[in-house]
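A look at the structure
As a plain string of letters, each chain reads:
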Amino acid sequence: MSDFIGDWHALFVLLVAGVIPNQIWRLLGLWFGSGLDEGSDLLMWVKAVATAILAGVIAQILVQPPGALASVTWGLRYGAVVAGLAAFLASRRSIFAGVVCGEMVMLAGKWWLG
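Residues numbered from 1 in each chain as written. Predicted model: local features only at pLDDT ≥ 70, side-chain atom pairs only at ≥ 80, totals over all residues. Heavy atoms only, no water.

1. Re the overall build of the protein chain
- Secondary structure summary: the protein chain contains 4 helices and 0 strands in total.
- Computed over the C-alpha atoms, the radius of gyration of the protein chain is 19 Å, more than 25% above the 13 Å expected from 2.2 N^0.38 for a compact globule of 114 residues.
- Counting only C-alpha atoms and orienting by the principal axes, one finds that the protein chain spans roughly 50 × 40 × 25 Å.
- By the burial criterion, 12% of the 114 residues in the protein chain qualify as buried.
- Considering only intrachain contacts with a sequence separation of at least 6, the fraction spanning at least 24 residues in the protein chain is 39%.
- When the 6 basic and 6 acidic side-chain charges of the protein chain are each reduced to a single mean position, those positions are 14 Å apart. (Helix = DSSP H or I, 4+ residues; strand = E, 2+ residues; numbered from the N terminus. Rg over C-alpha atoms; globule rule 2.2 N^0.38 Å. Buried < 20%, exposed > 50% of the residue type's maximum accessible area, 1.4 Å probe, protein only. Contact = heavy atoms within 4.5 Å. Lys, Arg positive; Asp, Glu negative; His and termini not counted. Charge placed at Lys NZ, Arg CZ, Asp CG, Glu CD.)

Below is the structure:
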């Protein structure tokens, strides 16, 4: 194989060990969840738990940034959170919009500050 693709054995191991087990659970979730009402109490609870986990991860990153994020100033980290919160509220509470906006501000700020 070429140098770009690398060793095909390693790619095969990644496919078997990483992708296939995850796809099985995704397909089972799709199959079992297809008949559920999106407004049910169970799914509202699942959404609340997922949102709380995301908030906890964001708080952890703000207080004790891991790895390369530790080199980012605290002002930029908190500014990205404020921008993400503003995008979340402006987009009618879209978590995706908030996370993407926060990431964009973080990347642009890191690029700007060097």
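2. Considerations on the packing of aromatic side chains
- This structure, assessed with the given rule, holds 3 aromatic pairs.
- Geometrically, the ring pair formed by Trp31 and Phe32 is tilted, given 4.7 Å between the ring centres and 45° between the ring planes. For the pair Trp31 and Phe32, one class covers both residues: exposed. (Phe/Tyr/Trp six-rings, centres within 6.5 Å; stacked < 30°, edge-to-face > 60°.)

3. Some thoughts on the UniProt feature "transmembrane region" (unreviewed entry) in the protein chain
- The UniProt record marks residues 12-32, 44-63 and 69-88 with the feature "transmembrane region" (unreviewed entry), using the residue numbering of this structure.
- Helix makes up 100% of residues 12-32 and strand makes up 0%, while its end C-alpha atoms are separated by 29 Å.
- For residues 69-88, the helix share is 75%, the strand share is 0%, and the end-to-end C-alpha distance is 22 Å. (UniProt positions renumbered as here; feature names shortened; annotations may be inferred.)

4. Quick notes on the packing of helix H2 (residues 41-63) against helix H3 (residues 74-90)
- Close contact between H2 and H3 brings their axes to 9 Å; oriented N to C, the two are set at 155°. Considered as vectors, H2 and H3 are oriented roughly antiparallel to each other. Here H2 contributes Ile58, Ile61 and Leu62 to the contact with H3, which in turn contributes Arg77, Tyr78 and Val81. (Axes fitted to C-alpha atoms, helices over the stretch in contact; angles between N-to-C directions. Parallel < 35°, antiparallel > 145°, perpendicular 65-115°, else oblique.)

5. What to know about H3
- The end-to-end C-alpha distance of H3, which contains 17 residues, comes to 24 Å, matching closely the 24 Å that a straight helix rising 1.5 Å per residue would cover.
- The inward-facing, buried residues of H3 contact H2 and helix H4 (95-113).
- Once H3 ends, the next one or two residues include Arg92, with phi positive near 60°. (Expected span 1.5 Å × (residues − 1).)

6. A word on the environment of Ser71
- Within the fold, Ser71 resides in the loop between H2 and H3.
- Look at Ser71 and you get partly exposed, because its relative accessible area is 49%.
- Separated by 39 residues in the primary sequence, Ser71 and Lys110 place their C-alpha atoms 9.4 Å from one another.

7. Overview of the packing of H3 against H4
- Two numbers describe how H3 lies on H4: the axes approach to 7 Å, and their chain directions differ by 150°. Our pair here, H3 against H4, has a crossing hand that is right-handed. On H4, the residues that touch Leu76, Arg77, Gly79, Ala80, Ala83, Gly84, Ala87 and Phe88 of H3 are Ile95, Ala97, Gly98, Cys101, Gly102, Val105, Met106, Gly109, Lys110 and Leu113. (Left-handed = near helix turned anticlockwise from the far one by under 90°.)

8. Re a nonpolar patch on the surface
- A cluster of nonpolar side chains, namely Trp8, Phe12, Val13, Leu15, Val16, Val19, Ile20, Ile24, Trp25, Leu28, Trp31 and Phe32, defines an oily patch on the protein surface of about 1,300 Å² accessible area.
- Of note, Ile24 is situated in helix H1 (residues 8-33).
- Given the relative accessible area of 45%, Ile24 is considered partly exposed. (Patch = residues over 30% accessible without salt bridge, like charges linked within 9 Å, V, L, I, M, F, W, Y side chains within 5 Å. Areas by Shrake-Rupley, 256 points an atom, 1.4 Å probe, with all protein chains shown as cover. Salt bridge = Lys/Arg side-chain N within 4 Å of Asp/Glu carboxyl O.)

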